[in-house]
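# Summary of structural features
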Amino acid sequence: MAGRTPRWLLAIAGAVYVFLHAPLLVLVAFSFNSSKYGASWEGFTLEWYGRLLERADIMAALKVSLIVGLGSTAISTLMGTMLALGLARHRFSGRTFVESLLYVPIVTPEIVCGISLLILFAWMKLQLGISTIIIAHVAFNISYVTIVVRARLEGMDKNLEEAAMILGANEFVAFWKVTVPQLWPGIISGALLAFTMSFDDFVITSLVSGPGSSTLPIVVYTMVRKNIEPSINAISTIILVVTSVMIYAADRLERRDAPQGAR
Amino acid sequence: MSGPVVAFRNVSKTFNGSKAVRNISFEIQPGEFFSILGPSGCGKTTTLRLLAGFESPDDDGGEVRILDKVVNHARPYERNISMVFQNYALFPHLSVEQNVAFGLERRGVAKAEVASRVKAALEGVRLAPETFGKRAPSALSGGQRQRVALARALVLQPPILLLDEPLGALDLKLRKEMQYELKQLNRRLGITFVYVTHDQEEALTMSDRIAVMDNARVAQLGSPAEIYERPRTAFVARFIGESNFLSGTVVGFEGGQLRVRRDDGTEFRAAATEERTDGGKVHVALRPERLRFVPPGHDADGNALPGKIKAVVYRGEMLHVRATLADGTDMTAAMSNEGQLRLPVSWKEGDPCLAAFAAEDVRILEAEAS
């Protein structure tokens, strides 16, 4: 692309960004506003962040969110990585179909996923709680992890394991010393994405959570229903920052030292 | 060490019902530079992979032997061979040193020895260890990667080194340089090289012997001179170097030469080791440098087929003169360039001429196996 970008194009791009992010900026700004009713700016404060620590319900929800996030991330990362390896290594009939199934949980409306999981849990007579939330999150996170790891595998030189084997490494050593180091960025990136998805999820979680197992987004929603208070802005800002940082890290990892690939 | 280091005995390999390698047999002698040459899809890569242990022969598909042991199902790491891959296959997450050390570490070589052998191996391929040792493969040029791949394979001092089109990605000048170096390494280290390539010139330049593969079989096996000067089939004559092709019917055998009558009635003679029955069809090949064009009436002293000059093509060190015979067959003669600016070739398009060649230079071709 030679030459300069025309000004009108820059203006439109700028407007789109404002449209996208202005609501978030307002939220962040008001989380530091000392006015209790939020309509006007009355000065900077960290009071609302401080108050979060005193709220037992928010702290409990944060704990649930972390347990669910870490648990579902660990399980889905392991399963998703193995699935990606299986899909990349083995040619079997119906492989393309199995691969396209990966996208089903991603494109299905969350409400449908949530209801179907709820029906499943009811049928299995599972008590709704942290474990059902984890199962639900694993169900959609496997797809994300598999797709990310799969992309990494796709770019990997197929000769690398063979090269390792002819240099004296058996199958296990070749996998551990050559394939896994190549895959790490993909695995970590998939895990970050999975954690973010889990931490942010509201619709599915609200359907499959039980008493005493509310995650952060659910508690925030309940708070909003009762009355608007500045603490909501504070906790939302924290969620926003955490997820943004993780998505950014995941993206960087996917790009950084991407495999050389077959040239 | 006596006897062949590698032996293929009636080896076949089938992928999804189609034969990638069909009943091939050959032996490779210690220290030999052995090339497997052929167009893509001829089975040369499968042959190399059978040798490396990435593939196994069919259940009734003969024997692959290394150092007189049947290795049909031995894993690659049980074979004590090294390999240089087409795209080098350097481990991108390891430094140059770590790449070269990989095989030594797998063999449990002591740390201090690893370091000194890695250093020696890098020096052996003319990469300064101080400069390149700590670099990542992605920070190297194609030629440097090639050298690292070689060092990684040679540091293990294997009896056999497999090379899968290792020079394919390099530019012409570098390729020539590496050809020479590979040959030197082969001689100096006494390692048997098995070299797969589709580049006939590369195979002719470096090899002690060449197996020309076509359609999953070995079409011809021999020294570069044998392959080039005595191609057995039309495929070999066409694939290695250039050839003129003629055909006709046998009308006599005298003095060790077949008399062959072409469809347009002209005749030529071809040296033959055995008599052929009259009326049999023969196909022959003739190298362009064994053919010359002379003016009509000139005493050709041998075969002379009338034709017309079609073109003179300037190729630098050679000139190619092309003529069309009376029946429309094109023939090309290669002549050394004596200096076009000083002593130009006087042929012009349309000049009548005689295609002159000796009966001894005509190669009678065998029918190709199908």
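First, a word on what this report is: a plain description of the structure on this page. Worth saying up front: this structure is predicted, and the values here are computed from it rather than measured. (Residues numbered from 1 in each chain as written. Chains lettered and ligands numbered in written order. Predicted model: local features only at pLDDT ≥ 70, side-chain atom pairs only at ≥ 80, totals over all residues. Heavy atoms only, no water.)

### With respect to the overall build of chain A
Heads up, the condition is: Working definition: helices are DSSP H or I runs of at least four residues, strands are E runs of at least two. Numbering for both runs from the N terminus. Type-normalised accessible area, obtained with a 1.4 Å probe on protein chains alone, sets the label of each residue: buried when under 20%, exposed when over 50%, and partly exposed for intermediate values. The contact criterion used throughout is that any non-hydrogen atoms of two residues lie within 4.5 Å.
The helix and strand tally for chain A stands at 12 helices and zero strands. Principal axes of the C-alpha set define a box for chain A whose edges measure 70 × 65 × 30 Å. The buried share of chain A, reckoned over its 263 residues, is 42%. Within chain A, counting contacts between residues at least 6 apart in sequence, those at least 24 apart form 72% of the total.

### Considering the packing of aromatic side chains
Any two aromatic rings considered together are summarised by their centre-to-centre distance and by the angle between their planes. Residues and elements named next belong to chain B. To keep things clear, this is the line we draw: A pair of aromatic rings is counted whenever rings of Phe, Tyr or Trp (Trp by its six-membered ring) have centres within 6.5 Å, and the orientation is called stacked for planes under 30 degrees apart, edge-to-face for over 60 and tilted otherwise. Two conditions define a charge located above a ring, namely a distance within 6 Å from the ring centre to NZ of Lys or CZ of Arg, and an angle within 35 degrees of the ring normal.
Summed over all chains, the structure comprises 12 aromatic pairs over all chains. Centroid distance Phe33 to Tyr195: 5.6 Å. Interplanar angle 40°. Geometry classified as tilted. Of the two residues, Phe33 is situated in strand E3 (residues 33-37) and Tyr195 in strand E8 (residues 192-197); the sequence distance between them amounts to 162 residues. Here the two residues Phe33 and Tyr195 agree in accessibility, since each one is buried. Sitting over the ring of Phe102, Arg106 keeps its end group 4.6 Å from the ring centre. The ring of Phe245 carries the charged tip of Arg238 above its face, separated from the ring centre by 4.8 Å.

### Some words on helix H1 (residues 44-52) of chain B
Residue and element names in this part refer to chain B. Counted residue by residue, H1 has eight buried out of nine residues, so it is predominantly covered. When H1 is considered as a whole, its buried residues turn out to be Lys44, Thr46, Thr47, Leu48, Arg49, Leu50, Leu51 and Ala52. Of the residues trailing H1, Gly53 is marked for its positive phi of about 100°.

### What about the side chain of Thr237 of chain A?
Residues and elements named next belong to chain A. Put simply, the rule is: By the criterion applied in these results, polar contacts are pairs of N or O atoms within 3.5 Å in which, for protein atoms, one can donate a hydrogen and the other can accept it, and in which residues neighboring in sequence qualify only through two side-chain atoms.
Its location among the elements puts Thr237 in helix H12 (residues 230-255). Only 3.5 Å separates the side chain of Thr237 from the side chain of Ser31, close enough to count as a polar contact. If we ignore the near neighbours within four places in the chain, the residues touching Thr237 are Leu27, Val28, Ser31 and Tyr49.

### Considerations on the interface of chain B and chain A
Our working rule: Two parts placed together each lose some accessible area; with a 1.4 Å probe, that loss summed over both constitutes the buried area. Salt bridge, as applied in this entry: a Lys or Arg side-chain nitrogen positioned within 4 Å of an Asp or Glu carboxyl oxygen. Only Asp, Glu, Lys and Arg are considered charged in this grouping, and only Ala, Val, Leu, Ile, Met, Phe, Trp, Tyr, Cys and Pro are considered nonpolar; every other residue, Gly among them, is considered polar.
In this complex, chain B contributes 23 residues to the contact, which on the side of chain A involves 21 residues. Surface buried jointly by chain B and chain A totals about 2100 Å² across both partners, of which 62% is contributed by carbon and sulfur atoms. The tally of links between chain B and chain A comes to two salt bridges. Put simply, Arg75 of chain B and Glu171 of chain A hold a salt bridge, and the shortest N to O gap is 2.7 Å. The interface formed by chain B and chain A contains nine residue pairs in polar contact (both at pLDDT 80 or more). For the side of chain B that touches chain A, the elements supplying multiple residues, two or more each, are H1, strand E6 (81-84), helix H2 (96-106) and helix H5 (142-154) of chain B. Here the residues of the side of chain B that touches chain A sort into 13 nonpolar, four polar and six charged.

### Describing the sheet that holds strand E7 (residues 160-164) of chain B
Backbone-to-backbone hydrogen bonds join strands into a sheet, with any given pair of strands oriented parallel or antiparallel. All names here are of chain B. Stated precisely, the cut-off is as follows: Strand pairing follows a simple DSSP-based rule, namely that at least 2 bridges must link the two strands. Under this scheme, a helix contributes an axis fitted over its contacting stretch, all axes are lines through C-alpha atoms, and angles between N-to-C directions fall in the 0 to 180 degree range.
Pairing within the open sheet is mixed, and its six strands lie in the order E6-E7-E8-E3-E9-E10. One side of each edge strand has no neighbouring strand; the edge strands of this open sheet are E6 and strand E10 (217-222). This sheet shows a mean twist of 20° between the axes of neighbouring strands, independent of strand direction. Across four bridges, E6 lies against E7 in parallel orientation. Bridge assignment links Met83 to a residue of E7, and that residue is Leu162. Each of E6 and E7 touches H5; the most contacted strand, E6, lies at about 175° to it.

### As for the pattern of salt bridges
Residue and element names in this part refer to chain B. Inspection of every chain in the model, using the stated rule, returns 33 salt bridges over all chains. Arg9 is the salt-bridge partner of Glu27, the closest N and O atoms lying 3.2 Å from each other. Note that Glu27 is positioned in strand E2 (residues 18-28) and Arg9 in strand E1 (residues 6-15), a separation of 18 residues in sequence. We classify Glu27 as partly exposed; its relative accessible area is 32%. Residue Arg9 is classed as partly exposed on the basis of its relative accessible area, which comes to 33%.

### Re the sheet that holds strand E19 (residues 352-357) of chain B
All names here are of chain B. Reading across from one edge, E15-E19-E16-E17-E18 is the order of the five strands in this open sheet, with antiparallel pairing throughout. Taken across any chain shown, the strands that pair with only one partner, and hence form the sheet edges, are strand E15 (292-294) and strand E18 (330-336). On average, each strand axis in the sheet is tilted by 45° relative to the strand beside it, whichever way the strands run. In terms of strand pairing, strand E16 (residues 303-314) meets E19 through six bridges, oriented antiparallel. Opposite Leu305, over in E19, you have Ala355 as the bridge partner.

### Quick notes on the nonpolar core
Counted only if it meets this: Think of a nonpolar core as a cluster: buried Ala, Val, Leu, Ile, Met, Phe, Trp, Tyr and Cys residues, connected wherever their side-chain atoms sit within 4.5 Å.
Formed by 78 residues in total, the largest nonpolar core has its most connected members in Phe8, Phe91, Leu150, Leu161, Leu162, Leu182 and Val194 of chain B. Here the element with the most residues in this core is H5 of chain B; it accounts for six residues. What Phe91 of chain B contacts, discounting residues up to four positions off in sequence, is Leu160, Ala163, Ala164, Leu167 and Val178 of chain A together with Asn99, Phe102, Pro137 and Arg152 of chain B. Counting residues in each nonpolar core, the second largest holds 25 residues, with Leu246, Val250, Leu286 and Ile364 of chain B among its members.

### Focus: the side chain of Asn233 of chain A
Tracing the backbone through its elements, the reader meets Asn233 of chain A in helix H12. In this structure, Asn233 of chain A is in contact with Leu27, Phe30 and Ser31 of chain A, ignoring residues within four places of it in sequence.

### Focus: the pairing of E10 of chain B
All names here are of chain B. In this structure, strand E9 (residues 209-214) lies alongside E10, joined through five bridges in antiparallel fashion. Residue pairing in the sheet places Met213 in a bridge with Val218 of E10. In this structure, the hairpin formed by E9 and E10 is closed by a connection of two residues, where Asn215 is found at a positive phi of approximately 55°.

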